[in-house]
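This is what each chain is made of:
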Number of protein chains: 2
Amino acid sequence: MPVSAKARAGILITGTEVLTGIIADRNGPWLSERLRAIGVDAAMIEIVGDRPDDVLGALEHMASQGMSLIVTSGGLGPTADDLTAEVVGRFSGREMVLDPALEERIAEILRPMMSRWPGLDADAIRVSNRKQAVVPQGATVLDPVGTAPGLVVPPLQTGGPTVVVLPGPPRELQPMWEKARATDAFKAAISAATDYRTGVLRLFGIPESEIAGTLRAAESAGLDLEALEITTCLRRGEIEVSTRYEPAAEAAYRALAEFIRERHRDTLYSDDGATVDDQVANLLAGRTVAVAESCTGGLLAARLTDRPGSSEYFQGGLVVYSNEAKAALARVDRALIERVGAVSSEVAEALADGARARLEAEIGIGITGIAGPGGGSKEKPVGLVFISVTSSDGERITRMVQLPGDRSDIRDRATTVAMHLLRRLLSGQESARGSRTGAGVG
Amino acid sequence: MPVSAKARAGILITGTEVLTGIIADRNGPWLSERLRAIGVDAAMIEIVGDRPDDVLGALEHMASQGMSLIVTSGGLGPTADDLTAEVVGRFSGREMVLDPALEERIAEILRPMMSRWPGLDADAIRVSNRKQAVVPQGATVLDPVGTAPGLVVPPLQTGGPTVVVLPGPPRELQPMWEKARATDAFKAAISAATDYRTGVLRLFGIPESEIAGTLRAAESAGLDLEALEITTCLRRGEIEVSTRYEPAAEAAYRALAEFIRERHRDTLYSDDGATVDDQVANLLAGRTVAVAESCTGGLLAARLTDRPGSSEYFQGGLVVYSNEAKAALARVDRALIERVGAVSSEVAEALADGARARLEAEIGIGITGIAGPGGGSKEKPVGLVFISVTSSDGERITRMVQLPGDRSDIRDRATTVAMHLLRRLLSGQESARGSRTGAGVG
């Protein structure tokens with residue numbers, strides 16, 4: 001289902017520490033999303049090390065593939081292996097020149113830092129400072145957010161790509177991206193951008209192959225999918241169907257969304273881009289929640305407090321790893337643990353009740369399970385997790401799930417299942433009184 | 001500081017969901033690390049969407065850059081946009097053929113899934129099944145870990161790259177990587193691999209520019225850095241100096257490590273690859289720890305329980321967002337909160353003491369701060385965090401830090417500072433009785 005893209009961009013991430021997996025790249029995906037938002041198709045993300053030949057090779061590859069814009073991240077720091085500005089200068093055929101105003105600007109930025117770190121090597125700082133102020137002639141300099149300036153380097157000959165050079169740390173790159181967008185050179189490079197729309201459908205509780213079947217059925221039913229660029233993917237135990245299309249295909253997208261909604265009414269939970277975290281945050285307005293978690297060890301509390309303003313509804317959490325902690329903090333009956341085991345629906349419910357009572361919240365969530373790799377048995381294998389959500393109105397949803405993956409996957413997926421149970425309880429989709437335990441796959 | 005690489009590999013990540021930032025790629029860094037471990041230099045990681053032309057273009061680019069091995073991830077699923085096997089077939093000039101044994105093997109794998117998900121579309125499953133069993137002629141098939149088989153596709157002509165085709169989900173890709181390595185085609189492709197060694201130094205509490213200065217000083221002092229490939233990077237508030245070298249350069253690396261150790265005795269905490277998490281886990285053997293956290297909202301508990309076996313020493317945690325929870329759960333004196341404010345060294349210490357007492361642990365950690373974006377003031381700006389670690393022996397370390405970045409950075413960095421304070425207390429490096437509060441940067 002091809003969509004003709006008029007402006008294509010390449011994203012070049014430099015840095016041996018990213019290439020070798022020492023740190024994870026967050027800039028590639030972020031820049032790709034931002035480019036799409038302004039109608040530019042990010043056709044490739046390439047990661048190379050701090051070797052001039054590899055950086056130059058990547059720039060030339062992207063130019064040869066017809067990119068009208070290249071955005072680079074990294075390699076603007078003070079150390080000798082930071083060489084992006086110089087290589088981009090060579091690539092675009094522009095001489096490197098010292099920008100005295102920029103040198104002074106960087107010195108100004110470093111001054112307070114030097115007073116905060118007594119005993120710094122002043123010469124080292126001065127050398128770094130000067131190095132960062134040498135830029136390709138004719139480039140637009142973007143004011144530093146940290147200490148490194150960014151650059152927008154237009155092509156010397158028409159037809160070549162414009163290169164936007166940004167620093168590696170995401171908190172410097174992201175504000176600087178907005179500055180880059182405002183430059184004339186940038187605007188010229190993306191003048192052919194297409195106005196794309198994106199629709200996202202989120203489903204929870206079905207396998208990916210079901211969606212593949214639905215898309216085939218939609219085609220058989222005569223729906224026009226030609227103008228839609230559809231991608232389906234598994235993300236933290238959920239399925240996301242993301243569709244990009246030009247405005248003229250709006251009706252085709254609406255028909256597809258309706259078709260999927262009809263077939264997957266029980267599992268489609270979002271058609272407006274909202275995540276389960278967004279929905280839960282909205283549903284919790286004016287209410288309060290508390291958690292008591294064992295195998296997830298604090299991850300559910302961390303997820304619920306991830307967003308600003310969560311203190312409005314999040315009362316607190318208990319991380320009760322040991323049986324003693326379950327009894328002492330969440331007031332789970334020791335005899336109950338003895339009788340049914342710590343990993344059981346009964347203990348999940350007691351944890352939810354305990355969290356609610358101890359933290360004086362309206363809603364309580366309890367999680368207990370076996371995250372592995374050890375501790376599993378034939379009856380209670382690794383990945384078995386019980387989750388319960390209860391409210392002060394006497395509503396209660398309890399689920400047993402068998403989660404796939406390693407320790408980290410299991411812990412993460414368990415929080416996703418808990419978010420969905422919480423969502424169901426809050427939205428009144430399910431309000432069975434008393435206990436319900438059903439098998440499911442997350 | 002170039003190192004001649006004899007075997008170079010390219011990593012090709014396919015999938016529009018990765019290219020567009022819907023999901024983060026974990027396979028590129030993982031494969032890069034594994035390749036380095038067997039002496040193969042990963043020279044580039046390229047991410048492209050599910051478009052045949054872009055996948056083919058990337059393969060041809062890598063071949064033209066002299067890669068002897070290309071590892072792909074993704075595009076092996078059941079949906080129509082999963083097309084890697086076919087494109088690799090075209091790239092290597094091999095016809096696509098149905099492998100009946102493989103078809104039966106996949107059917108076998110799907111059978112239990114079909115019984116677990118009643119109401120699945122059996123036809124859809126069959127079509128997907130067959131699609132996944134069509135492979136390039138002459139390829140070595142790697143048994144599926146999920147439902148998708150992997151492939152090792154040798155070049156038709158000598159000189160071309162061998163392509164290893166792996167599925168996208170990390171929990172399928174990772175075990176399949178080991179199977180791929182065992183094949184003859186793979187071994188032939190990396191016959192020129194170099195035996196590299198890697199040394200990692202980790203420092204906490206200094207800025208990156210200091211390390212740049214130290215490396216220049218090492219060169220001035222006559223150390224031979226020519227044979228060392230040194231990368232420095234900031235990672236979760238720490239500095240990592242990673243050096244790769246051939247065995248002949250062992251003495252040069254040792255001299256460099258010693259030089260850095262001399263200059264940064266106070267901040268270098270690891271020279272054997274161990275992270276602060278590793279060190280803390282070892283130091284906690286035979287002891288017990290509990291936490292009470294406010295602004296980190298469960299992240300410190302989650303970090304401490306991240307590794308298998310942590311139940312041996314982790315007693316439990318309190319996530320005390322509200323002042324009521326701080327008083328009720330961690331027994332922080334309400335009058336104290338009134339007097340000095342919830343974000344203060346006194347409350348951090350009371351939280352540490354409260355965690356220890358309530359969870360009957362030897363060591364308690366308390367964290368309170370302002371993660372933002374709201375809630376800051378001139379006296380207590382966003383990023384201000386107080387952390388205290390106390391022990392039942394009366395040892396106590398308390399620190400005030402002003403952390404940079406956004407809410408998520410601040411929460412994450414605060415856990416890093418806490419891990420380092422815990423490490424210092426456990427290793428007896430610091431055992432000030434009573435309170436000590438000092439400014440620092442994380």
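Computed from a predicted structure; not experimentally measured.

Enquirer: Would you explain the packing of helix 3 (residues 52–64) of chain B against helix 4 (residues 84–91) of chain B in this entry?
Expert: Residue and element names in this part refer to chain B. Between helix 3 and helix 4, the least distance of the axes is 10 Å, while the angle of their chain directions is 45°. Taken together, helix 3 and helix 4 sit at an angle that is classed as oblique. In this structure, the crossing between helix 3 and helix 4 has a hand that is right-handed. Taking contact as the criterion, the partners of Pro52, Val55, Leu56, Leu59, Glu60 and Ala63 in helix 3 are, on helix 4, Val87, Val88, Arg90 and Phe91. Residues that form the contact of helix 3 with helix 4 fall into these classes: eight nonpolar, no polar and two charged.

Enquirer: What is the right way to look at the interface of chain B and chain A in this model?
Expert: Many analyses report the size of an interface as the accessible area lost when the parts associate. Contact residues are listed per partner, giving 94 residues for chain B and 95 residues for chain A. Buried surface at the junction of chain B and chain A, both sides included, amounts to about 7600 Å², of which 55% is carbon and sulfur. At the surface where chain B touches chain A, the tally comes to eight salt bridges. The salt bridge involving Asp54(A) is made with Arg8(B); its shortest N-O contact spans 3.4 Å. Across the chain B-chain A interface, the total number found is 29 residue pairs in polar contact (both at pLDDT 80 or more). Residue contributions to the side of chain B that touches chain A peak at eight residues, all from strand 2 (residues 41–48) of chain B. The pairing of strand 2 (residues 41–48) of chain A with strand 2 of chain B spans five bridges and is antiparallel.

Enquirer: I tried to follow the sheet that holds strand 11 (residues 238–245) of chain A on my own but got confused; where do I start?
Expert: Backbone-to-backbone hydrogen bonds pair the strands of a sheet. The strands run either parallel or antiparallel. All names here are of chain A. Read across the sheet, four strands follow the order 10-11-9-12 without closing on themselves; strand pairing throughout is antiparallel. Of all the strands in the sheet, just strand 10 (229–235) and strand 12 (268–270) have a single pairing partner and so form its edges. The mean inter-strand angle of the sheet, taken between neighbouring strand axes irrespective of direction, is 30°. Here strand 9 (residues 197–204) pairs with strand 12 via two bridges, running antiparallel. Within strand 12, the residue paired with Arg202 across the bridge is Ser270.

Rules used in this analysis
Residues numbered from 1 in each chain as written. Chains lettered and ligands numbered in written order. Predicted model: local features only at pLDDT ≥ 70, side-chain atom pairs only at ≥ 80, totals over all residues. Heavy atoms only, no water. Axes fitted to C-alpha atoms, helices over the stretch in contact; angles between N-to-C directions. Helix = DSSP H or I, 4+ residues; strand = E, 2+ residues; numbered from the N terminus. Parallel < 35°, antiparallel > 145°, perpendicular 65-115°, else oblique. Left-handed = near helix turned anticlockwise from the far one by under 90°. Contact = heavy atoms within 4.5 Å. Nonpolar A, V, L, I, M, F, W, Y, C, P; charged D, E, K, R; others polar. Buried area = accessible area lost by both parts, 1.4 Å probe. Salt bridge = Lys/Arg side-chain N within 4 Å of Asp/Glu carboxyl O. Polar contact = N/O pair within 3.5 Å; in protein donor to acceptor, adjacent residues only side chain to side chain. Pairing = 2+ DSSP bridges.

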